[in-house]
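# Structural overview for review
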Protein chains: 2
Amino acid sequence: MACSLDPNENLAKAEYRIREAAGKGAQIICVQELFRSQYFCQTEDIGTFDLAETIPGPTTESFTRLAAELDVVIVGSIFERRMAGVFHNTATIIDAGGELLGIYRKMHIPDDPRFYEKYYFTPGDLGFRCFDTKYARIAALICWDQWYPEGARLAALGGAQILFYPTAIGFHESDAAEAATQHNAWETIQRSHAIANGVYVAAVNRVGHEGPTGDGLQFWGGSFVSDPQGRMLAKAGDGEETLVVECDPRVIESVRRNWPFLRDRRIDAYAPIVSRVID
Amino acid sequence: MACSLDPNENLAKAEYRIREAAGKGAQIICVQELFRSQYFCQTEDIGTFDLAETIPGPTTESFTRLAAELDVVIVGSIFERRMAGVFHNTATIIDAGGELLGIYRKMHIPDDPRFYEKYYFTPGDLGFRCFDTKYARIAALICWDQWYPEGARLAALGGAQILFYPTAIGFHESDAAEAATQHNAWETIQRSHAIANGVYVAAVNRVGHEGPTGDGLQFWGGSFVSDPQGRMLAKAGDGEETLVVECDPRVIESVRRNWPFLRDRRIDAYAPIVSRVID
(Lines give C-alpha, C1' and ligand atoms only; values in the text may rest on other atoms or scores of the structure.)
Protein backbone atom coordinates (compact mmCIF):
# COMPACT_ATOMS: atom_id res chain seq x y z
CA MET A 1 0.00 0.00 0.00
CA ALA A 2 0.95 3.66 -0.25
CA CYS A 3 1.45 5.61 2.98
CA SER A 4 0.41 9.10 3.95
CA LEU A 5 2.03 11.38 6.51
CA ASP A 6 -0.60 10.39 9.11
CA PRO A 7 0.33 7.24 11.09
CA ASN A 8 -3.26 6.69 12.20
CA GLU A 9 -4.52 6.87 8.66
CA ASN A 10 -1.91 4.29 7.63
CA LEU A 11 -2.91 2.00 10.47
CA ALA A 12 -6.56 2.30 9.52
CA LYS A 13 -5.72 1.45 5.93
CA ALA A 14 -3.65 -1.56 6.99
CA GLU A 15 -6.51 -2.78 9.19
CA TYR A 16 -8.92 -2.37 6.31
CA ARG A 17 -6.65 -4.39 4.06
CA ILE A 18 -6.10 -7.07 6.70
CA ARG A 19 -9.88 -7.47 6.92
CA GLU A 20 -10.04 -7.61 3.15
CA ALA A 21 -7.38 -10.34 3.03
CA ALA A 22 -9.06 -12.33 5.80
CA GLY A 23 -12.35 -12.03 3.96
CA LYS A 24 -10.69 -13.63 0.96
CA GLY A 25 -9.52 -16.54 3.08
CA ALA A 26 -6.03 -15.44 4.09
CA GLN A 27 -4.70 -17.19 7.20
CA ILE A 28 -1.32 -15.48 7.59
CA ILE A 29 -1.21 -11.80 6.67
CA CYS A 30 1.94 -9.73 6.31
CA VAL A 31 2.09 -5.94 6.05
CA GLN A 32 4.89 -4.01 4.40
CA GLU A 33 7.92 -2.64 6.25
CA LEU A 34 7.27 0.42 8.45
CA PHE A 35 3.72 0.70 7.16
CA ARG A 36 2.67 3.26 9.79
CA SER A 37 4.65 6.05 8.19
CA GLN A 38 6.23 7.18 5.01
CA TYR A 39 9.74 5.84 4.56
CA PHE A 40 11.38 8.34 6.88
CA CYS A 41 14.94 7.09 6.29
CA GLN A 42 15.17 9.31 3.21
CA THR A 43 16.59 11.92 5.59
CA GLU A 44 18.35 11.95 8.95
CA ASP A 45 16.09 13.95 11.23
CA ILE A 46 16.25 13.68 14.99
CA GLY A 47 12.59 14.49 15.38
CA THR A 48 11.65 11.38 13.43
CA PHE A 49 12.43 9.19 16.42
CA ASP A 50 9.08 10.41 17.77
CA LEU A 51 7.46 7.96 15.35
CA ALA A 52 8.89 5.01 17.25
CA GLU A 53 6.74 3.01 19.64
CA THR A 54 7.18 0.28 22.19
CA ILE A 55 6.35 -3.41 21.86
CA PRO A 56 3.74 -4.07 23.11
CA GLY A 57 2.31 -0.71 22.09
CA PRO A 58 -0.40 0.84 19.98
CA THR A 59 0.27 -1.14 16.80
CA THR A 60 0.57 -4.52 18.47
CA GLU A 61 -2.58 -3.78 20.48
CA SER A 62 -4.48 -3.08 17.32
CA PHE A 63 -3.12 -6.15 15.51
CA THR A 64 -3.67 -8.36 18.53
CA ARG A 65 -7.35 -7.43 18.59
CA LEU A 66 -7.64 -7.98 14.87
CA ALA A 67 -5.86 -11.34 14.94
CA ALA A 68 -8.24 -12.53 17.65
CA GLU A 69 -11.33 -11.26 15.87
CA LEU A 70 -10.40 -12.65 12.44
CA ASP A 71 -8.51 -15.74 13.63
CA VAL A 72 -5.55 -14.82 11.42
CA VAL A 73 -1.81 -14.58 11.97
CA ILE A 74 -0.50 -11.05 11.46
CA VAL A 75 3.14 -10.25 10.67
CA GLY A 76 3.53 -6.60 11.54
CA SER A 77 6.34 -4.11 11.10
CA ILE A 78 7.18 -1.50 13.69
CA PHE A 79 9.74 1.25 14.29
CA GLU A 80 10.55 -0.02 17.76
CA ARG A 81 11.65 2.14 20.66
CA ARG A 82 13.42 -0.31 22.94
CA MET A 83 14.86 2.25 25.28
CA ALA A 84 16.23 5.77 25.02
CA GLY A 85 18.89 5.64 22.33
CA VAL A 86 18.11 2.09 21.14
CA PHE A 87 15.66 1.79 18.27
CA HIS A 88 15.04 -1.17 15.96
CA ASN A 89 13.29 -2.03 12.73
CA THR A 90 11.16 -4.86 14.05
CA ALA A 91 8.67 -7.43 12.85
CA THR A 92 5.97 -8.62 15.24
CA ILE A 93 4.43 -12.06 14.92
CA ILE A 94 0.94 -12.29 16.34
CA ASP A 95 -0.78 -15.65 16.28
CA ALA A 96 -4.37 -16.28 15.32
CA GLY A 97 -6.20 -15.77 18.59
CA GLY A 98 -4.16 -12.68 19.38
CA GLU A 99 -1.05 -13.85 21.20
CA LEU A 100 2.15 -11.92 20.46
CA LEU A 101 4.40 -14.91 19.74
CA GLY A 102 7.54 -12.86 19.47
CA ILE A 103 9.51 -10.37 17.47
CA TYR A 104 12.31 -10.28 14.94
CA ARG A 105 14.67 -7.33 14.77
CA LYS A 106 16.14 -6.55 11.36
CA MET A 107 19.65 -7.93 11.34
CA HIS A 108 21.12 -6.39 8.18
CA ILE A 109 20.84 -2.62 8.19
CA PRO A 110 21.46 -0.76 4.93
CA ASP A 111 22.83 2.68 4.42
CA ASP A 112 22.72 4.24 1.01
CA PRO A 113 21.84 7.71 -0.17
CA ARG A 114 18.10 8.09 0.66
CA PHE A 115 18.14 4.91 2.74
CA TYR A 116 19.85 6.15 5.90
CA GLU A 117 18.82 3.26 8.08
CA LYS A 118 22.02 3.00 10.07
CA TYR A 119 21.10 6.34 11.61
CA TYR A 120 17.78 5.08 12.90
CA PHE A 121 18.12 1.37 13.59
CA THR A 122 20.39 -0.54 15.90
CA PRO A 123 21.12 -3.90 14.22
CA GLY A 124 18.99 -6.73 15.55
CA ASP A 125 20.32 -8.86 18.39
CA LEU A 126 17.86 -11.73 18.34
CA GLY A 127 19.25 -13.69 15.40
CA PHE A 128 17.05 -15.41 12.85
CA ARG A 129 13.93 -16.87 14.38
CA CYS A 130 11.02 -19.12 13.56
CA PHE A 131 7.54 -18.99 15.02
CA ASP A 132 4.96 -21.75 15.27
CA THR A 133 1.75 -20.07 14.31
CA LYS A 134 -1.64 -21.71 14.06
CA TYR A 135 -1.27 -22.19 10.31
CA ALA A 136 2.44 -22.67 9.62
CA ARG A 137 5.91 -22.32 11.05
CA ILE A 138 7.16 -19.02 9.71
CA ALA A 139 10.05 -16.60 9.84
CA ALA A 140 10.03 -12.87 9.23
CA LEU A 141 13.05 -11.17 7.75
CA ILE A 142 13.06 -7.53 6.73
CA CYS A 143 13.96 -5.82 3.46
CA TRP A 144 17.77 -5.61 3.26
CA ASP A 145 17.89 -9.10 4.80
CA GLN A 146 16.59 -10.19 1.40
CA TRP A 147 20.04 -9.97 -0.11
CA TYR A 148 21.65 -12.38 2.37
CA PRO A 149 21.42 -16.13 1.72
CA GLU A 150 22.62 -16.73 5.28
CA GLY A 151 19.48 -15.29 6.85
CA ALA A 152 17.17 -17.35 4.66
CA ARG A 153 19.22 -20.47 5.30
CA LEU A 154 19.20 -20.05 9.07
CA ALA A 155 15.45 -19.48 9.08
CA ALA A 156 14.91 -22.57 6.94
CA LEU A 157 17.20 -24.70 9.11
CA GLY A 158 15.04 -23.59 12.01
CA GLY A 159 12.08 -25.16 10.27
CA ALA A 160 10.40 -22.17 8.68
CA GLN A 161 7.96 -23.14 5.94
CA ILE A 162 7.35 -19.60 4.73
CA LEU A 163 9.77 -16.67 4.81
CA PHE A 164 8.05 -13.29 4.99
CA TYR A 165 9.94 -10.19 3.89
CA PRO A 166 8.20 -6.93 4.81
CA THR A 167 9.95 -4.48 2.51
CA ALA A 168 10.29 -0.85 1.45
CA ILE A 169 12.33 -0.90 -1.73
CA GLY A 170 12.23 1.58 -4.54
CA PHE A 171 14.42 3.75 -6.66
CA HIS A 172 15.38 7.38 -6.68
CA GLU A 173 13.95 9.12 -9.70
CA SER A 174 17.43 9.72 -11.08
CA ASP A 175 18.01 5.94 -11.07
CA ALA A 176 14.99 4.97 -13.15
CA ALA A 177 17.25 3.45 -15.80
CA GLU A 178 18.64 1.03 -13.23
CA ALA A 179 15.28 0.20 -11.69
CA ALA A 180 14.44 -2.74 -13.92
CA THR A 181 17.80 -4.39 -13.18
CA GLN A 182 17.40 -3.86 -9.46
CA HIS A 183 13.83 -5.09 -9.43
CA ASN A 184 14.80 -8.20 -11.36
CA ALA A 185 17.73 -8.89 -9.01
CA TRP A 186 15.44 -8.40 -6.03
CA GLU A 187 13.01 -11.00 -7.30
CA THR A 188 15.79 -13.36 -8.35
CA ILE A 189 17.58 -13.51 -5.05
CA GLN A 190 14.38 -14.08 -3.09
CA ARG A 191 13.22 -16.79 -5.47
CA SER A 192 16.66 -18.34 -4.97
CA HIS A 193 16.08 -18.47 -1.22
CA ALA A 194 12.93 -20.46 -1.94
CA ILE A 195 14.88 -22.81 -4.22
CA ALA A 196 17.94 -23.28 -2.02
CA ASN A 197 15.84 -24.03 1.04
CA GLY A 198 12.65 -25.61 -0.27
CA VAL A 199 10.43 -22.99 1.33
CA TYR A 200 7.81 -20.50 0.27
CA VAL A 201 8.90 -16.86 0.13
CA ALA A 202 6.50 -13.94 0.44
CA ALA A 203 7.85 -10.45 -0.29
CA VAL A 204 5.58 -7.57 0.70
CA ASN A 205 6.62 -4.20 -0.66
CA ARG A 206 5.50 -0.59 -0.37
CA VAL A 207 4.09 1.32 -3.35
CA GLY A 208 3.83 4.97 -4.29
CA HIS A 209 6.02 8.03 -4.52
CA GLU A 210 7.43 9.65 -1.37
CA GLY A 211 9.52 12.75 -1.01
CA PRO A 212 9.92 15.86 -3.14
CA THR A 213 8.55 15.63 -6.66
CA GLY A 214 11.43 14.99 -9.00
CA ASP A 215 13.72 14.11 -6.09
CA GLY A 216 11.90 11.39 -4.16
CA LEU A 217 11.70 7.63 -4.00
CA GLN A 218 9.39 5.57 -6.17
CA PHE A 219 8.54 2.34 -4.36
CA TRP A 220 8.07 -0.37 -6.92
CA GLY A 221 5.57 -2.65 -5.21
CA GLY A 222 5.65 -5.99 -7.03
CA SER A 223 4.87 -8.00 -3.91
CA PHE A 224 5.01 -11.69 -4.72
CA VAL A 225 4.93 -15.24 -3.44
CA SER A 226 7.39 -17.82 -4.75
CA ASP A 227 6.87 -21.54 -4.36
CA PRO A 228 9.72 -23.82 -3.16
CA GLN A 229 10.90 -24.28 -6.74
CA GLY A 230 11.21 -20.55 -7.34
CA ARG A 231 8.02 -20.26 -9.36
CA MET A 232 6.06 -17.03 -9.00
CA LEU A 233 2.65 -18.02 -7.69
CA ALA A 234 1.36 -14.46 -7.72
CA LYS A 235 2.78 -11.01 -8.26
CA ALA A 236 1.31 -7.60 -7.60
CA GLY A 237 1.72 -4.57 -9.81
CA ASP A 238 3.08 -1.21 -8.72
CA GLY A 239 -0.22 -0.04 -7.21
CA GLU A 240 -1.98 -1.00 -3.99
CA GLU A 241 -2.95 -4.64 -4.03
CA THR A 242 -3.84 -7.50 -1.71
CA LEU A 243 -2.58 -10.91 -2.80
CA VAL A 244 -4.02 -14.06 -1.29
CA VAL A 245 -1.91 -17.10 -2.20
CA GLU A 246 -2.21 -20.72 -1.16
CA CYS A 247 0.97 -22.28 0.27
CA ASP A 248 0.69 -26.04 0.66
CA PRO A 249 3.12 -27.65 3.14
CA ARG A 250 2.89 -30.92 1.17
CA VAL A 251 4.69 -29.15 -1.66
CA ILE A 252 7.64 -28.51 0.67
CA GLU A 253 7.81 -32.18 1.54
CA SER A 254 7.64 -33.21 -2.09
CA VAL A 255 10.12 -30.65 -3.41
CA ARG A 256 12.68 -31.50 -0.74
CA ARG A 257 12.43 -35.20 -1.60
CA ASN A 258 13.01 -34.42 -5.26
CA TRP A 259 15.67 -31.76 -4.70
CA PRO A 260 17.45 -33.02 -1.56
CA PHE A 261 19.76 -30.04 -1.17
CA LEU A 262 19.54 -30.05 2.61
CA ARG A 263 20.80 -33.64 2.71
CA ASP A 264 24.16 -32.79 1.18
CA ARG A 265 25.20 -29.58 2.88
CA ARG A 266 28.91 -29.62 3.79
CA ILE A 267 28.54 -28.39 7.33
CA ASP A 268 32.12 -29.48 8.02
CA ALA A 269 33.35 -26.86 5.53
CA TYR A 270 31.15 -23.81 6.07
CA ALA A 271 32.72 -22.40 9.23
CA PRO A 272 34.71 -19.66 7.41
CA ILE A 273 31.39 -18.07 6.46
CA VAL A 274 31.68 -16.12 9.70
CA SER A 275 34.69 -14.34 8.25
CA ARG A 276 34.36 -10.82 6.88
CA VAL A 277 36.80 -11.69 4.11
CA ILE A 278 38.94 -14.77 3.67
CA ASP A 279 42.39 -13.27 3.18
CA MET B 1 29.33 -30.16 -26.11
CA ALA B 2 27.92 -33.64 -26.59
CA CYS B 3 30.09 -36.60 -25.64
CA SER B 4 30.64 -39.93 -27.36
CA LEU B 5 31.67 -43.21 -25.77
CA ASP B 6 35.31 -42.62 -26.79
CA PRO B 7 37.31 -40.58 -24.23
CA ASN B 8 39.96 -39.68 -26.78
CA GLU B 9 37.40 -38.40 -29.21
CA ASN B 10 35.90 -36.23 -26.46
CA LEU B 11 39.31 -34.86 -25.54
CA ALA B 12 40.03 -34.05 -29.19
CA LYS B 13 36.70 -32.26 -29.45
CA ALA B 14 37.37 -30.28 -26.27
CA GLU B 15 40.79 -29.29 -27.58
CA TYR B 16 39.26 -28.20 -30.86
CA ARG B 17 36.72 -26.06 -29.00
CA ILE B 18 39.36 -24.59 -26.70
CA ARG B 19 41.30 -23.50 -29.79
CA GLU B 20 38.11 -22.10 -31.23
CA ALA B 21 37.42 -20.09 -28.04
CA ALA B 22 40.99 -18.84 -27.85
CA GLY B 23 40.77 -17.81 -31.48
CA LYS B 24 37.76 -15.69 -30.60
CA GLY B 25 39.71 -13.95 -27.86
CA ALA B 26 38.82 -16.04 -24.81
CA GLN B 27 41.32 -15.74 -21.96
CA ILE B 28 39.82 -18.15 -19.43
CA ILE B 29 38.19 -21.25 -20.88
CA CYS B 30 36.05 -23.71 -18.96
CA VAL B 31 34.95 -27.14 -20.16
CA GLN B 32 31.87 -28.95 -18.95
CA GLU B 33 31.85 -31.47 -16.11
CA LEU B 34 33.40 -34.88 -16.89
CA PHE B 35 33.78 -33.96 -20.54
CA ARG B 36 36.00 -36.97 -21.35
CA SER B 37 33.13 -39.42 -21.12
CA GLN B 38 29.42 -39.74 -21.26
CA TYR B 39 27.77 -39.07 -17.91
CA PHE B 40 28.53 -42.50 -16.47
CA CYS B 41 26.72 -41.92 -13.18
CA GLN B 42 23.46 -42.98 -14.81
CA THR B 43 24.34 -46.47 -13.58
CA GLU B 44 26.47 -47.98 -10.83
CA ASP B 45 29.03 -50.11 -12.65
CA ILE B 46 32.29 -51.14 -11.08
CA GLY B 47 34.08 -51.25 -14.41
CA THR B 48 33.47 -47.54 -14.90
CA PHE B 49 36.19 -46.68 -12.41
CA ASP B 50 38.59 -47.55 -15.25
CA LEU B 51 37.73 -44.16 -16.73
CA ALA B 52 39.37 -42.36 -13.82
CA GLU B 53 42.84 -40.86 -14.18
CA THR B 54 45.45 -39.29 -11.97
CA ILE B 55 46.30 -35.62 -11.60
CA PRO B 56 48.70 -34.86 -13.20
CA GLY B 57 47.69 -37.31 -15.92
CA PRO B 58 46.74 -37.48 -19.55
CA THR B 59 44.10 -34.74 -19.47
CA THR B 60 46.13 -32.23 -17.48
CA GLU B 61 49.12 -32.92 -19.74
CA SER B 62 47.06 -32.13 -22.77
CA PHE B 63 45.54 -28.99 -21.24
CA THR B 64 48.88 -27.84 -19.90
CA ARG B 65 50.35 -27.95 -23.38
CA LEU B 66 47.34 -26.14 -24.79
CA ALA B 67 47.35 -23.46 -22.10
CA ALA B 68 51.01 -22.77 -22.82
CA GLU B 69 50.54 -22.68 -26.56
CA LEU B 70 47.45 -20.46 -26.53
CA ASP B 71 48.31 -18.41 -23.43
CA VAL B 72 44.88 -19.15 -21.95
CA VAL B 73 43.67 -20.34 -18.57
CA ILE B 74 41.88 -23.69 -18.78
CA VAL B 75 39.42 -24.92 -16.16
CA GLY B 76 39.24 -28.66 -16.71
CA SER B 77 37.08 -31.40 -15.24
CA ILE B 78 38.40 -34.83 -14.43
CA PHE B 79 37.23 -38.10 -12.90
CA GLU B 80 40.17 -38.25 -10.51
CA ARG B 81 41.73 -41.44 -9.21
CA ARG B 82 43.47 -40.31 -6.06
CA MET B 83 44.32 -43.75 -4.80
CA ALA B 84 42.74 -47.18 -4.86
CA GLY B 85 39.24 -46.73 -3.48
CA VAL B 86 39.33 -42.91 -3.40
CA PHE B 87 37.97 -41.17 -6.47
CA HIS B 88 36.86 -37.55 -6.86
CA ASN B 89 35.00 -35.32 -9.28
CA THR B 90 37.68 -32.70 -9.73
CA ALA B 91 38.29 -29.41 -11.48
CA THR B 92 41.82 -28.54 -12.58
CA ILE B 93 42.94 -24.95 -12.90
CA ILE B 94 45.78 -24.48 -15.37
CA ASP B 95 47.18 -21.01 -15.77
CA ALA B 96 48.07 -19.35 -19.04
CA GLY B 97 51.60 -20.54 -19.63
CA GLY B 98 50.75 -24.06 -18.58
CA GLU B 99 51.21 -24.24 -14.82
CA LEU B 100 48.75 -26.43 -12.93
CA LEU B 101 47.77 -23.92 -10.26
CA GLY B 102 45.71 -26.37 -8.29
CA ILE B 103 42.57 -28.42 -8.12
CA TYR B 104 39.10 -28.25 -6.61
CA ARG B 105 37.32 -31.41 -5.57
CA LYS B 106 33.52 -31.30 -5.79
CA MET B 107 32.24 -30.76 -2.28
CA HIS B 108 28.51 -31.45 -2.65
CA ILE B 109 27.84 -34.87 -4.13
CA PRO B 110 24.32 -35.62 -5.38
CA ASP B 111 22.55 -38.91 -5.51
CA ASP B 112 19.29 -39.18 -7.35
CA PRO B 113 17.90 -41.79 -9.69
CA ARG B 114 20.20 -41.63 -12.77
CA PHE B 115 22.68 -39.38 -10.95
CA TYR B 116 24.40 -41.95 -8.73
CA GLU B 117 27.38 -39.80 -7.89
CA LYS B 118 27.76 -40.89 -4.29
CA TYR B 119 28.77 -44.28 -5.64
CA TYR B 120 31.66 -42.86 -7.64
CA PHE B 121 32.89 -39.74 -5.89
CA THR B 122 34.31 -39.24 -2.42
CA PRO B 123 33.25 -35.75 -1.30
CA GLY B 124 35.95 -33.12 -1.73
CA ASP B 125 38.29 -32.40 1.15
CA LEU B 126 39.94 -29.21 -0.07
CA GLY B 127 37.18 -26.72 0.73
CA PHE B 128 36.29 -23.84 -1.55
CA ARG B 129 39.32 -22.35 -3.24
CA CYS B 130 40.37 -19.40 -5.31
CA PHE B 131 43.13 -19.26 -7.87
CA ASP B 132 45.07 -16.26 -9.12
CA THR B 133 45.29 -16.82 -12.82
CA LYS B 134 46.93 -14.52 -15.31
CA TYR B 135 43.60 -12.91 -16.20
CA ALA B 136 41.47 -13.02 -13.04
CA ARG B 137 41.11 -14.55 -9.62
CA ILE B 138 38.68 -17.40 -10.11
CA ALA B 139 37.01 -20.28 -8.34
CA ALA B 140 35.68 -23.49 -9.80
CA LEU B 141 32.70 -25.20 -8.27
CA ILE B 142 31.04 -28.21 -9.83
CA CYS B 143 27.43 -28.90 -10.79
CA TRP B 144 25.52 -29.83 -7.59
CA ASP B 145 27.56 -27.15 -5.79
CA GLN B 146 25.39 -24.75 -7.80
CA TRP B 147 22.53 -25.16 -5.39
CA TYR B 148 24.48 -24.12 -2.31
CA PRO B 149 24.81 -20.42 -1.49
CA GLU B 150 27.51 -21.29 1.02
CA GLY B 151 29.95 -22.48 -1.63
CA ALA B 152 29.50 -19.37 -3.75
CA ARG B 153 29.83 -17.14 -0.69
CA LEU B 154 33.04 -18.77 0.50
CA ALA B 155 34.57 -18.51 -2.95
CA ALA B 156 33.61 -14.85 -3.17
CA LEU B 157 34.92 -14.08 0.31
CA GLY B 158 38.17 -15.60 -0.89
CA GLY B 159 38.31 -12.97 -3.58
CA ALA B 160 37.02 -14.84 -6.61
CA GLN B 161 35.91 -12.54 -9.41
CA ILE B 162 34.37 -15.25 -11.54
CA LEU B 163 32.77 -18.47 -10.37
CA PHE B 164 32.95 -21.28 -12.92
CA TYR B 165 30.50 -24.17 -12.69
CA PRO B 166 31.37 -27.11 -14.96
CA THR B 167 28.07 -28.97 -15.07
CA ALA B 168 26.22 -32.02 -16.35
CA ILE B 169 22.56 -31.36 -15.71
CA GLY B 170 19.63 -32.69 -17.62
CA PHE B 171 16.36 -34.44 -17.20
CA HIS B 172 15.15 -37.97 -17.55
CA GLU B 173 12.78 -38.27 -20.45
CA SER B 174 9.92 -39.12 -18.11
CA ASP B 175 10.45 -35.77 -16.36
CA ALA B 176 10.18 -33.57 -19.43
CA ALA B 177 7.20 -31.76 -17.92
CA GLU B 178 9.34 -30.67 -14.98
CA ALA B 179 12.34 -29.70 -17.08
CA ALA B 180 11.40 -26.08 -17.64
CA THR B 181 10.90 -25.51 -13.91
CA GLN B 182 14.21 -27.15 -13.09
CA HIS B 183 16.08 -25.28 -15.79
CA ASN B 184 14.64 -21.98 -14.60
CA ALA B 185 15.53 -22.74 -10.97
CA TRP B 186 19.05 -23.70 -12.06
CA GLU B 187 19.56 -20.37 -13.77
CA THR B 188 17.91 -18.44 -10.96
CA ILE B 189 20.03 -19.77 -8.15
CA GLN B 190 23.29 -19.22 -10.04
CA ARG B 191 22.29 -15.70 -11.02
CA SER B 192 21.53 -15.17 -7.32
CA HIS B 193 25.10 -16.16 -6.44
CA ALA B 194 26.27 -13.43 -8.79
CA ILE B 195 23.93 -10.93 -7.13
CA ALA B 196 24.61 -11.87 -3.51
CA ASN B 197 28.34 -11.75 -4.00
CA GLY B 198 28.94 -9.18 -6.72
CA VAL B 199 30.77 -11.66 -8.96
CA TYR B 200 30.47 -13.04 -12.45
CA VAL B 201 29.09 -16.57 -12.74
CA ALA B 202 29.78 -18.86 -15.69
CA ALA B 203 27.83 -22.10 -15.94
CA VAL B 204 29.08 -24.60 -18.51
CA ASN B 205 26.73 -27.47 -19.21
CA ARG B 206 26.70 -30.65 -21.27
CA VAL B 207 24.32 -31.13 -24.19
CA GLY B 208 22.86 -34.12 -25.97
CA HIS B 209 21.02 -37.32 -25.16
CA GLU B 210 22.79 -40.15 -23.34
CA GLY B 211 21.53 -43.56 -22.39
CA PRO B 212 18.87 -45.82 -23.87
CA THR B 213 16.43 -44.15 -26.24
CA GLY B 214 13.25 -43.41 -24.34
CA ASP B 215 14.97 -44.03 -21.02
CA GLY B 216 18.02 -41.76 -21.01
CA LEU B 217 19.05 -38.31 -19.88
CA GLN B 218 18.60 -35.22 -22.01
CA PHE B 219 21.24 -32.65 -21.02
CA TRP B 220 19.80 -29.22 -21.46
CA GLY B 221 22.89 -27.16 -22.27
CA GLY B 222 21.98 -23.52 -21.74
CA SER B 223 25.47 -22.53 -20.64
CA PHE B 224 25.47 -18.90 -19.59
CA VAL B 225 27.39 -16.05 -18.02
CA SER B 226 25.71 -13.75 -15.50
CA ASP B 227 27.06 -10.35 -14.58
CA PRO B 228 27.33 -9.25 -10.91
CA GLN B 229 23.79 -7.89 -11.02
CA GLY B 230 22.34 -11.18 -12.19
CA ARG B 231 21.92 -10.12 -15.79
CA MET B 232 22.41 -12.78 -18.45
CA LEU B 233 25.26 -11.60 -20.63
CA ALA B 234 25.06 -14.59 -22.93
CA LYS B 235 23.24 -17.88 -23.04
CA ALA B 236 23.72 -20.93 -25.21
CA GLY B 237 20.97 -23.07 -26.65
CA ASP B 238 20.62 -26.81 -26.19
CA GLY B 239 23.14 -27.69 -28.91
CA GLU B 240 26.93 -27.49 -28.98
CA GLU B 241 28.10 -23.93 -28.63
CA THR B 242 31.12 -21.89 -27.62
CA LEU B 243 30.33 -18.66 -25.78
CA VAL B 244 32.96 -15.95 -25.44
CA VAL B 245 31.89 -13.31 -22.94
CA GLU B 246 33.69 -10.25 -21.63
CA CYS B 247 33.85 -9.96 -17.83
CA ASP B 248 35.11 -6.57 -16.68
CA PRO B 249 36.55 -6.40 -13.14
CA ARG B 250 35.63 -2.70 -12.96
CA VAL B 251 31.99 -3.78 -12.99
CA ILE B 252 32.58 -5.77 -9.80
CA GLU B 253 34.05 -2.70 -8.11
CA SER B 254 31.17 -0.53 -9.23
CA VAL B 255 28.39 -2.98 -8.39
CA ARG B 256 29.78 -3.62 -4.91
CA ARG B 257 29.90 0.11 -4.21
CA ASN B 258 26.30 0.50 -5.30
CA TRP B 259 25.05 -2.69 -3.65
CA PRO B 260 27.27 -2.95 -0.55
CA PHE B 261 25.97 -6.31 0.62
CA LEU B 262 29.36 -7.51 1.79
CA ARG B 263 29.66 -4.51 4.12
CA ASP B 264 26.66 -5.49 6.21
CA ARG B 265 27.01 -9.24 6.67
CA ARG B 266 26.16 -10.29 10.25
CA ILE B 267 29.17 -12.51 10.79
CA ASP B 268 28.41 -12.50 14.52
CA ALA B 269 25.16 -14.33 13.83
CA TYR B 270 25.95 -16.86 11.10
CA ALA B 271 27.72 -19.53 13.15
CA PRO B 272 24.67 -21.88 13.30
CA ILE B 273 24.97 -22.31 9.54
CA VAL B 274 27.25 -25.23 10.31
CA SER B 275 24.29 -27.04 11.85
CA ARG B 276 22.50 -29.76 9.91
CA VAL B 277 19.18 -28.56 11.31
CA ILE B 278 18.51 -26.03 14.04
CA ASP B 279 16.23 -27.97 16.36
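In this report, the structure presented in the accompanying data block is examined. Positions within a chain are numbered from 1, following the residues in the order the chain's sequence is written. Whichever chain is written first becomes A and whichever ligand is written first becomes 1, with later ones labelled in order. The predicted nature of this model means local features are confined to residues of pLDDT at least 70 and side-chain atom pairs, given and counted, to a pLDDT of 80 or more, with totals for whole chains, interfaces and linings taken over all residues. The basis for every side-chain value is the complete set of non-hydrogen atoms in the structure, without hydrogens or water.

All names here are of chain A. Between N-to-C directions, angles cover 0 to 180 degrees, with each direction set by a line fitted to C-alpha atoms, over the stretch in contact for helices. Counting from the N terminus, the helices are the DSSP runs of H or I reaching at least four residues and the strands are the DSSP runs of E reaching at least two. Contact geometry for helix α4 (residues 149-157) and helix α5 (residues 176-197): axes closest at 10 Å, N-to-C directions at 40 degrees. When the interaxial angle is binned, α4 and α5 end up oblique. Seen along the crossing, α4 lies across α5 with a hand that is right-handed. Of the residues in α5, those touching α4 at Pro149, Ala152, Arg153 and Ala156 are His193, Ala196 and Asn197. Tallied by class, residues from the contact of α4 with α5 come to four nonpolar, two polar and one charged. Each angle receives one of four descriptions, namely roughly parallel if under 35 degrees, roughly antiparallel if over 145, roughly perpendicular if within 65 to 115, and oblique otherwise. By definition, any crossing whose near helix is turned counterclockwise from its far helix by less than a right angle is left-handed, and any crossing with a clockwise turn is right-handed. Between two residues, a contact is recorded if the distance between any of their heavy atoms is within 4.5 Å. Any residue outside Ala, Val, Leu, Ile, Met, Phe, Trp, Tyr, Cys, Pro, Asp, Glu, Lys and Arg is labelled polar, Gly included; the first ten of those are nonpolar and the last four are charged.

Remark: a regular strand shows side chains that alternate across the two faces of the sheet. Residue and element names in this part refer to chain B. For two strands to be treated as a pair, DSSP must find no fewer than two bridges joining them. Direction of pairing for strand β8 (residues 170-172) relative to strand β11 (residues 217-220): antiparallel, over a ladder of three bridges. Its bridge partner being in β11, Phe171 is matched across the sheet by Gln218. Strand direction decides the pairing type here: strand β10 (residues 207-210) and β11, joined by four bridges, are antiparallel. Across the sheet, residue Glu210 finds its bridge partner in β11, namely Leu217.

All right, on to unusual backbone geometry then. A cis geometry characterises the amide bond from Ile55(A) onward to Pro56(A), with omega recorded as -5 degrees. Positive phi values are uncommon outside glycine, yet Leu34(A) reaches one of about 50 degrees. Its location among the elements puts Leu34(A) in the loop between β1 (28-30) and α2 (58-70). Judged by relative accessible area, Leu34(A) falls into the buried class, the value being 3%. Phi is positive for Asp71(B), close to 55 degrees, though the residue is something other than glycine. Three labels apply to residues, based on accessible area from a 1.4 Å probe with only protein chains included: buried if under 20% of the type maximum, exposed if over 50%, partly exposed otherwise in between. Here Asp71(B) falls in the partly exposed class, since its relative accessible area comes to 30%.

Okay, α5(A) next. Each turn of an α-helix holds 3.6 residues, which means side chains three or four residues apart point in the same direction. Residues and elements named next belong to chain A. The span expected for a helix works out to 1.5 Å for each residue beyond the first. Taking 1.5 Å of rise per residue, 22 residues should cover 32 Å, and α5 covers 32 Å from first to last C-alpha, within 8% of that figure. The buried fraction of α5 is high, at 17 of 22 residues. Count one or two residues on from α5 and you reach Gly198, which has phi positive near 65 degrees.

These figures capture arrangement, not role.
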